[in-house]
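Secondary and tertiary structure notes
Here's the letter readout for the chains.
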Amino acid sequence: MTKKKNRVTPVDDRKAVRYVDIEQESTTTQYGSMLFAAVMFAVPVALVLWLFWDFISIGVIIGSFAVGLVCASAVRIAFQWEKVAIARFGRLDRVVGPGIYFVIPIVESEAAKIDQRIRTTAFGAEETLSSDLVPVDVDAVLFWVVWDAEKACTEVRNFEEAISLCAQTAMRDVIGQISLSEIAVRRSYLDEELQRIISQKVEDWGLSVVSVEIRDIVIPKELQDAMSRQAQAERERDARVILAEVERDISEMYVEAANAYGCPEKAIQLRTMNLIHDSVKHSGGMVVVPSAYSEGFNDISVDVARDLMR
């Protein structure tokens, strides 16, 4: 029995990197909040102990710790990029931040902390059929921001996962409406259409889509080979058409030259002489031609000389 190897796609790798970045950022923010809470706990404890040092007892120590706990839970801080939703007895009461804010212990609690900076979400659609039934893999990046913290807290449970799934669904819908050739050459249209569709779906959640950018489009290798052969055939056809048009123009010019000499039937012989001249003018070699070509040289030379003597 052969073991199947786990296949990690590029999209999975980027998601892993994005999740690591979010985790590191959240850890840093958490450390800052914990440090502020520790300071807010230590300062009141030290102040109470200093004021009642002459009456120090177990009760004073317990009281100082209680005051520290109340202050640490009541006085909090939100960073510049954060909004905090405060719930009172289970109902959303207000949205505060950034800066220092106050919470009534037991009565009020933090419902959510919303980061209002621009975020990026990598998403893709694997083996999605285009309108001409060609499976394609498309990789894109979504730039979005939370503009209404209250709606983001109350309208959707996990808005990060929701907007990612919404983007993937919109990607499949848009790709299914256009052909493979349009997908390859109309990336700007895909970006704008995806942004429009996703924005309509997430506006009610308090989210706003800044932009959508298509990063990569992958088609099956067999189809790539077929498209390459088709492109080569089309270029060869165009080259032959151009060569035939040039040949036609040159033949018309030689007919005009033969008419100038008064010998229209000798135009093909002039063309023959020119082709042989072009073949040897750069190499400086000698060309051995069949008797028909040599007779052409002789005939046209005699005829031209005869016309000139007249």
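Residues numbered from 1 in each chain as written. Predicted model: local features only at pLDDT ≥ 70, side-chain atom pairs only at ≥ 80, totals over all residues. Heavy atoms only, no water.

1. A word on the nonpolar core
Among the nonpolar cores identified, the biggest contains 36 residues, and Val136, Leu142, Phe159, Met171, Ile198, Leu207 and Ile214 are the most heavily contacted of them. Top contributing element to this core by residue count: helix α4 (residues 159–175), with nine residues. Look past the residues within four positions of Met171 in its chain and what remains in contact with it is Phe123, Ala125, Val138, Ala140, Leu194 and Ile214. By size, the runner-up hydrophobic cluster in this structure holds six residues, among which are Val84, Val96, Tyr101 and Val103. (Core = buried A, V, L, I, M, F, W, Y, C linked by side-chain atoms within 4.5 Å. Buried < 20%, exposed > 50% of the residue type's maximum accessible area, 1.4 Å probe, protein only. Helix = DSSP H or I, 4+ residues; strand = E, 2+ residues; numbered from the N terminus. Contact = heavy atoms within 4.5 Å.)

2. Here we look at unusual backbone geometry
With a phi close to 55°, Phe89 is a non-glycine residue in the positive phi region. In the Ramachandran plot, Ile106 falls in the positive-phi region, its phi being about 70° despite a non-glycine side chain. Within the secondary structure, Ile106 is located in the loop between β4 (99–102) and β5 (108–115). With relative accessibility at 87%, the residue Ile106 sits in the exposed group.

3. Quick look at helix α2 (residues 58–74)
The α-helix winds at 3.6 residues per turn, so residues separated by three or four positions along the chain end up facing the same way. An ideal rise of 1.5 Å per residue puts 24 Å on 17 residues; α2 measures up with 24 Å between its terminal C-alpha atoms. Regarding α2, the residues found buried are Val60, Ser64, Gly68, Ala72 and Ala74. (Expected span 1.5 Å × (residues − 1).)

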